[in-house]
Amino acid sequence: MAKDKQLMTFAYLGEGWAPCGQLTMTEEGPALLASTFAYGTRYLDRPDAIEVDPVSLGIHDDSVKGKRLLPVNALTGFGGIRDAAPDSWGRRVIEAKLKVPANSLPESQYLLHAGSDRVGALDIRTGINAQPTRPVGNVHAIEYLAEAAERIEVGLPIPANLELIFVQGTALGGARPKASVRDAAGHLVLAKFPSKTDTFDVPSIEAASLRLAKDAGLNVPAVETRMLGNRRIMMIRRFDRYWLDRGVAPQADTNLSLGPADTRTERRMAFVSGLTLVGCDETESRTKAYSDLAAAIRQYCHPSVIRADNEELFKRMVFNILVTNDDDHLRNHGFIWDPRLPGWRLSPLYDVLPRPAISSERLLHLEVGPQGRIATIDNALAGCQRFSINRAHAAELIAQIWAAVREWRVLFEGYGVGEQDCDKITPAFRHLDDISTADTRRLIA
């Protein structure tokens, strides 16, 4: 029998939590049948109010006051709420905590158990008087978290001394084992652990891939690796957090990357996925294109960043082609609410992992250009106008990416990736000659 579950949504504004609106979820067992949302009037009256998501829950129209809103495109849930829920790995941690079978809980339970340090600036609680969960601990707990993640991955119970994973691992997405921790400077970072199914050193390869992307001119968060016993883990700075002096409002020239200090407080940036901005269900992701993301940028992002974000998106697509990162689904593209604009903009790059392949014809998850998902430079170049980029400038951007990627092995070895691991992933990297015509190469050169 279907039941309505009422939850309270909070948004982190400035230096603290504010009640945002009431979420009602109609559920039958683990199935979410429908959702409605009503913003609080006091929340909407705040000058610093942030929309839960700009597609279904925009706040720039006064008609939303006192109105129960529905998801767009006949979806059963709101994209912005879905992005505040745990994905694959976080759900496994919650199921281990509650000792229940996989995917057996109502969506409301996954939302409630995700904890207050979830991605973005939202929190979901049982009621307006419910308190936030305790914050995640520091990096000194990383050994216990790694051991707990390993046990969850193989289906073993979690002993009492490892239950910290139920605080620091529940809010996270993706399939790989991970946890949030505070580094020595106090920054919130995502620690990604090796998996029992890995055929090469994934944490090192992913970290090196992000550094390669940075060398290619892409916007990438701070990333490093560290050894934990005989295992390497990747540590990536959470880009949905920033620090400012107490009582100070961010301005256009504010540096949001400065670290903690006694006079500074941690603040949050709202986050939505590409899935939310395109306004579709996860099952529809493979039917969508990079041009859909480009159109969403034009519609929802701040006018001052539209050109730069579309250019960045095009470069990321080219990078994914050259390194065979075919896990480029809509959840692996993100957008943050930048308080300096204020408005939405493309988030830094994340979840990039080259996939070795033998086939000469390769596909990305999203459509690239007129030839669909075929991962070639010609296909990317042919669709460049969808990003509001002319052919000559697109060729310059491709040349910039290729100049960095062609030197990938030198960089990877310089970052400590072993020779054997480099050999294993070599088939992932494409040579320009193999994925472009002679006419295209002359244009790029």
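Enquirer: A description of helix 3 (residues 88-98) should follow, citing residues and the corresponding values.
Expert: Of the residues making up helix 3, those classed as buried are Trp89, Gly90, Arg91, Val93, Ile94 and Glu95. One or two steps after helix 3, the chain reaches Lys99, where phi turns positive at roughly 55°.

Enquirer: Describe the sheet that holds strand 6 (residues 188-192), naming the residues involved and giving the relevant values.
Expert: Pairing within the open sheet is antiparallel, and its four strands lie in the order 5-6-8-7. In the strand order of this sheet, the two ends are held by strand 5 (178-182) and strand 7 (223-228), each with one partner. Each neighbouring strand pair of the sheet contributes to a mean axis angle of 30°, computed without reference to strand direction.

Enquirer: Requested: an account of the environment of Leu156, with residues and values cited.
Expert: Note that Leu156 resides in the loop between helix 5 (142-153) and helix 6 (165-168). On a C-alpha basis, the gap between Leu156 and Ala96 in space is 8.6 Å, while along the polypeptide they are 60 residues apart.

Enquirer: Which residues make up the pattern of salt bridges, and what values go with them?
Expert: In total, this model carries 28 salt bridges according to the counting rule given. The residue Asp45 makes a salt bridge to Lys65 at a minimum N-O spacing of 2.6 Å. Of the two residues, Asp45 is situated in helix 1 (residues 41-45) and Lys65 in the loop between helix 1 and helix 2 (79-84); the sequence distance between them amounts to 20 residues. For Asp45, a relative accessible area of 48% gives the class partly exposed. For Lys65, a relative accessible area of 39% corresponds to the partly exposed category. In this structure, Asp439 engages Arg442 in a salt bridge whose closest nitrogen and oxygen atoms are separated by 2.1 Å.

Enquirer: Any details on the sheet that holds strand 2 (residues 16-28)? Residues and values, ideally.
Expert: Here we have four strands laid out as an open sheet, ordered 3-2-1-4, and antiparallel in their pairing. The sheet terminates laterally at strand 3 (31-39) and strand 4 (122-125), the two strands that pair on one side only. When strand polarity is set aside, the average angle formed by the axes of neighbouring strands in this sheet is 30°.

Enquirer: Tell me about the nonpolar core, and please be specific about residues and values.
Expert: With 104 residues, the main nonpolar core has Tyr39, Phe314, Phe319 and Phe412 as its most contacted residues. Here the element with the most residues in this core is helix 10 (residues 306-323); it accounts for nine residues. In this view, Phe314 contacts Ala380, Cys384, Phe387, Ile389, Ala394, Leu397 and Ile398; residues no more than four positions away in its chain are not counted. In this structure, Ala149, Ile165, Phe166 and Ile233 belong to the second largest nonpolar core, which totals 22 residues.

Enquirer: Talk me through the side chain of Asn332; I want residue IDs and the actual numbers.
Expert: Looking at the element boundaries, Asn332 is found in the loop between helix 10 and strand 12 (334-338). The class for Asn332 is buried, based on a relative accessible area of 9%. A distance of 2.7 Å separates a polar atom in the side chain of Asn332 from the backbone oxygen of Asp327. For Asn332, the contacting residues outside a window of four places in its chain are Asp327, Tyr350 and Asp351.

Enquirer: Kindly report on unusual backbone geometry, identifying the contributing residues and their values.
Expert: Between Leu341 and the following residue, Pro342, the backbone shows a cis peptide bond with an omega angle of -15°. Counting through the fold element by element, Pro342 comes out in the loop between strand 12 and strand 13 (343-346). Although it is not a glycine, Asn103 adopts a positive phi angle of roughly 55°. Structurally, the position occupied by Asn103 is in the loop between helix 3 and helix 4 (107-113). Given the relative accessible area of 54%, Asn103 is considered exposed. Phi is positive for Thr324, close to 55°, though the residue is something other than glycine. Note on placement: Thr324 falls in the loop between helix 10 and strand 12.

Enquirer: Kindly report on the packing of aromatic side chains, identifying the contributing residues and their values.
Expert: Applying the stated criterion across every chain, the model contains 11 aromatic pairs. Ring geometry for Tyr39 against Tyr43: centres 6.0 Å apart, planes inclined by 0°, an arrangement best described as stacked. Using a relative accessible area of 4% as the deciding quantity, one classes Tyr39 as buried. A relative accessible area of 2% places Tyr43 in the buried class. Members of the aromatic cluster, joined through ring pairs, are Phe37, Tyr39, Tyr43 and Phe78. A cation over a ring is seen here: Arg125 above Phe10, with NZ or CZ 3.9 Å from the ring centre.

Enquirer: Run through helix 7 (residues 202-215), naming residues and quoting values.
Expert: Over its 14 residues, helix 7 runs 20 Å from end to end, which matches the ideal 20 Å to within 8%, given 1.5 Å per residue. Where helix 7 is concerned, the buried positions are Val202, Pro203, Ser204, Ile205, Glu206, Ala207, Ala208, Ser209, Leu210, Arg211, Leu212 and Ala213. Downstream of helix 7 by a residue or two, Gly217 has a phi angle that is positive, lying close to 95°.

Calculation criteria
Residues numbered from 1 in each chain as written. Predicted model: local features only at pLDDT ≥ 70, side-chain atom pairs only at ≥ 80, totals over all residues. Heavy atoms only, no water. Buried < 20%, exposed > 50% of the residue type's maximum accessible area, 1.4 Å probe, protein only. Helix = DSSP H or I, 4+ residues; strand = E, 2+ residues; numbered from the N terminus. Pairing = 2+ DSSP bridges. Axes fitted to C-alpha atoms, helices over the stretch in contact; angles between N-to-C directions. Salt bridge = Lys/Arg side-chain N within 4 Å of Asp/Glu carboxyl O. Core = buried A, V, L, I, M, F, W, Y, C linked by side-chain atoms within 4.5 Å. Contact = heavy atoms within 4.5 Å. Polar contact = N/O pair within 3.5 Å; in protein donor to acceptor, adjacent residues only side chain to side chain. Phe/Tyr/Trp six-rings, centres within 6.5 Å; stacked < 30°, edge-to-face > 60°. Lys NZ or Arg CZ within 6 Å of the ring centre and 35° of its normal. Expected span 1.5 Å × (residues − 1).

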